[in-house]
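The residues making up each chain are set out below.
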Amino acid sequence: MATEAPPALTPFEAAARDFVFGEVWRRPGLSRRDRRWVTLTCVAAADAPGPIDAHVYAALSSGDIEIAEMLEFVLHFAVYCGWPKASHLEGVVGRQWARVQRERGVEPTGWPPLDVPSFETGDWNARLEGGVAEFADVNLMPAPPADTPYRQAGILGFVFGNVWRRPGLTRRERRIITVACVGIDDSPMPLRTHVDVALRSGDLTSAEMDEIVLQFAVYYGFAKGEALGDAAAAAVTAATAVTGGEAGTAGSPHLEGKR
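So, a few notes on the structure that sits alongside this text. (Residues numbered from 1 in each chain as written. Predicted model: local features only at pLDDT ≥ 70, side-chain atom pairs only at ≥ 80, totals over all residues. Heavy atoms only, no water.)

**So, unusual backbone geometry**
Then comes step 1: In this structure, D47 is a non-glycine residue whose phi angle is positive, near 55°.
Then comes step 2: With respect to the helices, strands and loops of the structure, D47 is situated in the loop between α2 (32–45) and α3 (49–61).
Then comes step 3: Overall, the relative accessible area of 48% leaves D47 in the partly exposed class.
Then comes step 4: For D186, which is not glycine, the phi dihedral falls at a positive 60°.
Then comes step 5: On the secondary structure map, D186 appears in the loop between α8 (171–185) and α9 (188–200). (Helix = DSSP H or I, 4+ residues; strand = E, 2+ residues; numbered from the N terminus. Buried < 20%, exposed > 50% of the residue type's maximum accessible area, 1.4 Å probe, protein only.)

Here is the structure:
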């Protein structure tokens, strides 16, 4: 957390010290940076002002996440958990980044400059074509027809035509953030779909997914964690039945091109 640990004076505080930080954060199955993505998603979605401030500060102060990467996270989070929550989160990022800079002896500056992504040409049809291709590549299935505003402007034009194509985060990191978001959102089909394709693509192994479920359960509740774990178990079972092997192996050719 980039701060001294507080005294454990209550059962909750003792569990946070001994279980959350003493066991979960120290497990080897995910990097600390991976665990930060899951945790940031959970605390931002939970509307918990203190934890949002603390975890954004810790991620930036530790150097685990750079400011430009944090801002990309805010955008991806907005897509899957909503603009109002992301608006609050971006305000927290601004305040905590200024704090980190002051602590480093640097005068707080504005946001880092934004470059126009190389794929952006200003051509709407090209954006849609890119979205169709990115949807298929991310979801391992054909894109839906662009026959409603939600599908045309939202899914194909923006979510996959822009956000998933942006270079600020790796695809694997976008998978981790998305899996945490759909675990929060109580939407059965996106939950099943995103967990399944994260594993089938090879971007996440089944062992990594299990660690994501545990980290998620700590920060968003074990009942929600159970639903996410069930989706992961079902995806692994289905993949094993088809291939006779483990879903999401480290040697997947899809993984090698997208990490």
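After that view, the rundown keeps rolling.
**Let's talk about the packing of helix α4 (residues 67–81) against α8**
Then comes step 1: The geometry of α4 relative to α8 is characterised by a closest axis approach of 9 Å and an angle of 35° between their N-to-C directions. The two elements α4 and α8 meet at a crossing, and its hand is right-handed. Listed contacts from α8 to E72, F73, H76, F77, Y80 and C81 of α4 are R174, I177, T178, C181, V182 and D185.
Then comes step 2: For the contact of α4 with α8, the residue count by class is 7 nonpolar, 2 polar and 3 charged. (Axes fitted to C-alpha atoms, helices over the stretch in contact; angles between N-to-C directions. Left-handed = near helix turned anticlockwise from the far one by under 90°. Contact = heavy atoms within 4.5 Å. Nonpolar A, V, L, I, M, F, W, Y, C, P; charged D, E, K, R; others polar.)

**Side note on helix α5 (residues 83–103)**
Then comes step 1: Taking 1.5 Å per residue as the helical rise, α5 with its 21 residues ought to reach 30 Å, and the 30 Å between its terminal C-alpha atoms agrees with that figure.
Then comes step 2: Where α5 is concerned, the buried positions are A86, L89, V92, V93, Q96, W97, A98, V100 and Q101.
Then comes step 3: Here the buried face of α5 lies against α2, α3 and α4.
Then comes step 4: Looking one or two residues beyond α5, the residue adopting positive phi is G105, at roughly 80°. (Expected span 1.5 Å × (residues − 1).)

**Remarks on the environment of P108**
Then comes step 1: With respect to the helices and strands, P108 occurs in the loop between α5 and α6 (124–139).
Then comes step 2: As for P108 and G161, which are separated by 53 residues in sequence, their C-alpha atoms are 33 Å apart.
Then comes step 3: Apart from residues lying up to four places away in sequence, P108 is in contact with A98, Q101 and R102.

**A look at the packing of aromatic side chains**
Then comes step 1: Summed over all chains, the structure comprises 8 aromatic pairs.
Then comes step 2: Taking 6.4 Å as the distance between ring centres and 85° as the angle between the ring planes, the aromatic pair formed by W25 and Y219 counts as edge-to-face. Taken together, the positions of W25 in the loop between α1 (11–24) and α2 and Y219 in helix α10 (residues 206–220) put the pair 194 residues apart, joining distant regions of the chain. Here the two residues W25 and Y219 agree in accessibility, since each one is buried. (Phe/Tyr/Trp six-rings, centres within 6.5 Å; stacked < 30°, edge-to-face > 60°.)

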